[in-house]
Amino acid sequence: MTARSGMRSFALFTASSLCAALTVAGGTAAWADSGTDIPEKVLLKGSTTASYFWDDASGRAGDTGLPASGKPMQKGLAASPSWPLMTEGYVIYKGKKMPFFVGDRGPGEPSNRGIMLDLDAKTFADLTGGTFNPNTLYVGGNGGLGHIDVDYVITKWGPGPGKKNYPVPFSTGAYGKRDHNPAEPPEAGQN
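What you see is a predicted model; the values in this text were computed from it and never measured.

Draft legend 1. Representation of the overall build of the protein chain within the structure. Tallying secondary structure elements over the protein chain gives 2 helices and 8 strands in all. Listed N to C, the secondary structure of the protein chain is α-β-β-β-β-β-α-β-β-β in terms of helices and strands. Going through the 191 residues of the protein chain one by one, you find that 39% of them count as buried. For the protein chain, the share of sequence-separated contacts (at least 6 apart) that also reach a separation of at least 24 residues comes to 67%. With an accessible surface of roughly 10700 Å², the protein chain has 57% of that area assigned to carbon and sulfur atoms.

Dropping the structure here:
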């Protein structure tokens, strides 16, 4: 091996080692599968227990009516007991990542027990490997899961009233108060 080819091999080895180290240290970038090179701004991240719902104003299965945002029930619509309506983000469950926006209020009483996010039934089914039944509004085929522990990331706060920080129970009434002191975004490298 000549000195020249040795230096080239060393340079390639160093570059590939650096890329591997960055991948291991940083994990997969949140924006990697979005088709854009621009990283999203992470405003808040945490973990909670999530349930599911489907409110289509049919009155079936505990349906309470159309969502509070005025948006029709749809995949990606979630309910929060305290975040502002139209807040955007995503959840991660067992490596699966799904986007959501806050379009409704809830869960109600379950939020007093730490269930701080109510995902739409279609998203919940996708995350858990189940299927959404439009006749019953329930998710089946996922081993009976009704609650799952998820990680969440907030990428955009909604414009209206609500707590721009870690979620709190519905009973606090935080959803109706303007938050003028939002959470400090995590530092770069913690995303």
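On we go.
Draft legend 2. Spotlight on the environment of Thr128. As for its position among the elements, Thr128 is in helix H2 (residues 121-128). Distance in space between the C-alpha atoms of Thr128 and Leu145 is 7.6 Å, their sequence separation being 17 residues. Dropping the residues within four chain positions of it, Thr128 is found in contact with Tyr93, Val139, Asn142, Leu145 and Ile148. One polar contact links the side chain of Thr128 to the main-chain carbonyl oxygen of Phe124, over a distance of 2.9 Å.

Draft legend 3. Looking closely at the side chain of Asp120. If you trace the backbone, Asp120 turns up in strand E5 (residues 115-120). No salt bridge forms around the buried Asp120; measuring N to O, its nearest opposite-charge neighbour Lys75 is 6.9 Å away. Within the structure, the side chain of Asp120 is placed 3.0 Å from the backbone nitrogen of Lys122, a separation counted as a polar contact.

Draft legend 4. Fine view of the packing of aromatic side chains. What the rule picks out here adds up to 5 aromatic pairs. Residues Tyr52 and Phe124 carry aromatic rings whose centres are separated by 4.8 Å and whose planes lie at 40 degrees to one another, so their mutual orientation is tilted. Of this pair, Tyr52 sits in strand E1 (residues 44-53) while Phe124 sits in helix H2, and the two are 72 residues apart along the sequence. For Phe124, a relative accessible area of 0% corresponds to the buried category. Between Trp83 and Tyr152, the aromatic rings sit 5.1 Å apart at their centres with planes inclined by 65 degrees, giving edge-to-face as the arrangement. Of this pair, Trp83 sits in the loop between strand E2 (77-80) and strand E3 (88-93) while Tyr152 sits in strand E8 (residues 148-156), and the two are 69 residues apart along the sequence.

Draft legend 5. Here's a closer look at the layout of surface pockets. Here the second largest pocket is characterised by a volume of approximately 260 Å³. Forming the walls of the second largest pocket are 19 residues, and the residues nearest its centre are Phe53, Trp54, Asp55, Gly62 and Asp118. The set of elements that each furnish at least two residues to the lining of the second largest pocket consists of E1 and strand E4 (96-105).

Draft legend 6. Structural detail: the nonpolar core. One finds Trp83, Val91, Leu119 and Ile154 to be the most contacted residues of the largest nonpolar core, which totals 32 residues. Within the residue set of this core, elements represented by two or more residues are E1, E2, E3, E4, E5, H2 and E8.

Rules of the game
- Residues numbered from 1 in each chain as written.
- Predicted model: local features only at pLDDT ≥ 70, side-chain atom pairs only at ≥ 80, totals over all residues.
- Heavy atoms only, no water.
- Helix = DSSP H or I, 4+ residues; strand = E, 2+ residues; numbered from the N terminus.
- Buried < 20%, exposed > 50% of the residue type's maximum accessible area, 1.4 Å probe, protein only.
- Contact = heavy atoms within 4.5 Å.
- Areas by Shrake-Rupley, 256 points an atom, 1.4 Å probe, with all protein chains shown as cover.
- Polar contact = N/O pair within 3.5 Å; in protein donor to acceptor, adjacent residues only side chain to side chain.
- Lys, Arg positive; Asp, Glu negative; His and termini not counted.
- Salt bridge = Lys/Arg side-chain N within 4 Å of Asp/Glu carboxyl O.
- Phe/Tyr/Trp six-rings, centres within 6.5 Å; stacked < 30°, edge-to-face > 60°.
- 1 Å grid on protein atoms, 1.4 Å probe; cavity = no way out; pocket = protein on both sides within 12 Å on 5 of 7 lines; lining within 4 Å.
- Points joined across faces, edges and corners; volume = space filled by probe spheres on them.
- Core = buried A, V, L, I, M, F, W, Y, C linked by side-chain atoms within 4.5 Å.

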